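Given next are the chains, with one letter for each unit.
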Amino acid sequence: MPSVGLRRYVEAVPGDPLPHGLLGGCTQIIDVTDPHELLGTEWRPLSCADAHTTTWCPGGDESPGLPAEKTFDRPGFCTAPPITVYAGAECSTIGWSYDEAVEHARETLRMGEQRALEEWLMSEVLCSIGDDLTPAAGAVSISQGVGALENWLGTEYGGRGVLHIPVGAGALLGCCNIVHLVDGTPETLAGNCVVLGAGYAVNVGPPDCTVAEPGETWLYATSPVRVRREAVAQVPDSDAQSVLTRTNDRLALAERTFVVEIACCRAAAIRVRICPE
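Our subject in this report is the structure included herewith. Everything numeric in this text was worked out from a predicted model, so none of it was measured.

1. What to know about the nonpolar core
Core analysis: the biggest nonpolar cluster contains 32 residues, and Leu117, Leu121 and Tyr220 have the highest contact counts within it. Of the residues forming this core, the biggest block, nine residues, is contributed by helix α1 (residues 98–129). With near-sequence residues (within four places) excluded, Leu117 lies in contact with Leu22, Leu23, Ile83, Phe258 and Val260. Residues Ile142, Leu163, Val179 and Ala221 belong to the second largest nonpolar core, which totals 19 residues.

This is how it looks when you write it as structure tokens:
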């Protein structure tokens, strides 16, 4: 046993965010230089309408040698709002410098921004735009749920999409060989990318953001996702402004604004069982 004495102060244990979350390999990340992009964005979606088939008539009285009537789709617009994620540190001015307080806030933001962004996306965006694919009989197995979402992606989008799955359900994806790593990124056999998000533990689904029953969880599917983000801002930006003179405490804030864009601004959701019956 060591002799009694003062504890040795050491560096904090470092960490890293979960590698397969919303800010991982499934998402295109854009570090913006134009601040107007952080006010929200809009775009005319590509590849979000159906392609059609047609036949040629070899002859006939009404339209000899002319093609059949064709369908033209009028594309609309998608929009994405901004969301700011922040982390704050409060400490005494005695023994903790301004730089140390800022470093603490920035590191807290680095570790927590992905989870906070996922929670916001599920509770404020996905559950309001999602089509509920859950059958009338109730929640299905996770393999059936993934199959239903991938079928929706294939018929409603037609390209590679993204599955949004709570990280706690990730272990179930490997037992049936549903998901495997491709160049370090989780994908399904159909080629859809898989986000395993800690923030998706908020576990709400369409149409009114209902929390799933115990032993069940919501899975989502979307077309490709793109995230715009600014550089981390620290507030205040000087030592003197960080001190509350009334209490002699120091406050430091780190924050970053994001804009999450979903290619076709649509989603589908399904409730699955995560506990054995």
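Still more ground to cover, so stick around.
2. Re the pairing of strand β12 (residues 216–222)
Residues in a regular strand point their side chains to alternate faces of the sheet. Of all seven residues in β12, seven are buried, a share of seventy percent or more. Taking every second residue as pointing to the same face, both faces of β12 are buried, with Glu216, Trp218, Tyr220 and Thr222 on one and Thr217, Leu219 and Ala221 on the other. One ladder, built from three bridges, connects strand β6 (residues 162–166) with β12; its direction is antiparallel. If you follow His164 over to β12, its bridge partner there is Tyr220. Sheet topology places β12 next to strand β17 (residues 267–273); seven bridges connect them, and they run antiparallel. The residue of β17 that forms the bridge with Thr222 is Ala267.

3. Considering the side chain of His164
Position of His164 among the secondary structure elements: in strand β6. Of the residues examined, His164 reaches a relative accessible area of 1% and is grouped as buried. Engagement of the side chain of His164 in a polar contact is seen with the side chain of Thr222, the distance being 2.9 Å. Beyond its immediate stretch of four places on either side in the chain, His164 contacts Leu22, Leu121, Leu126, Val195, Tyr200, Leu219, Tyr220, Ala221, Thr222 and Val225.

About the thresholds
- Residues numbered from 1 in each chain as written.
- Predicted model: local features only at pLDDT ≥ 70, side-chain atom pairs only at ≥ 80, totals over all residues.
- Heavy atoms only, no water.
- Core = buried A, V, L, I, M, F, W, Y, C linked by side-chain atoms within 4.5 Å.
- Buried < 20%, exposed > 50% of the residue type's maximum accessible area, 1.4 Å probe, protein only.
- Helix = DSSP H or I, 4+ residues; strand = E, 2+ residues; numbered from the N terminus.
- Contact = heavy atoms within 4.5 Å.
- Pairing = 2+ DSSP bridges.
- Polar contact = N/O pair within 3.5 Å; in protein donor to acceptor, adjacent residues only side chain to side chain.

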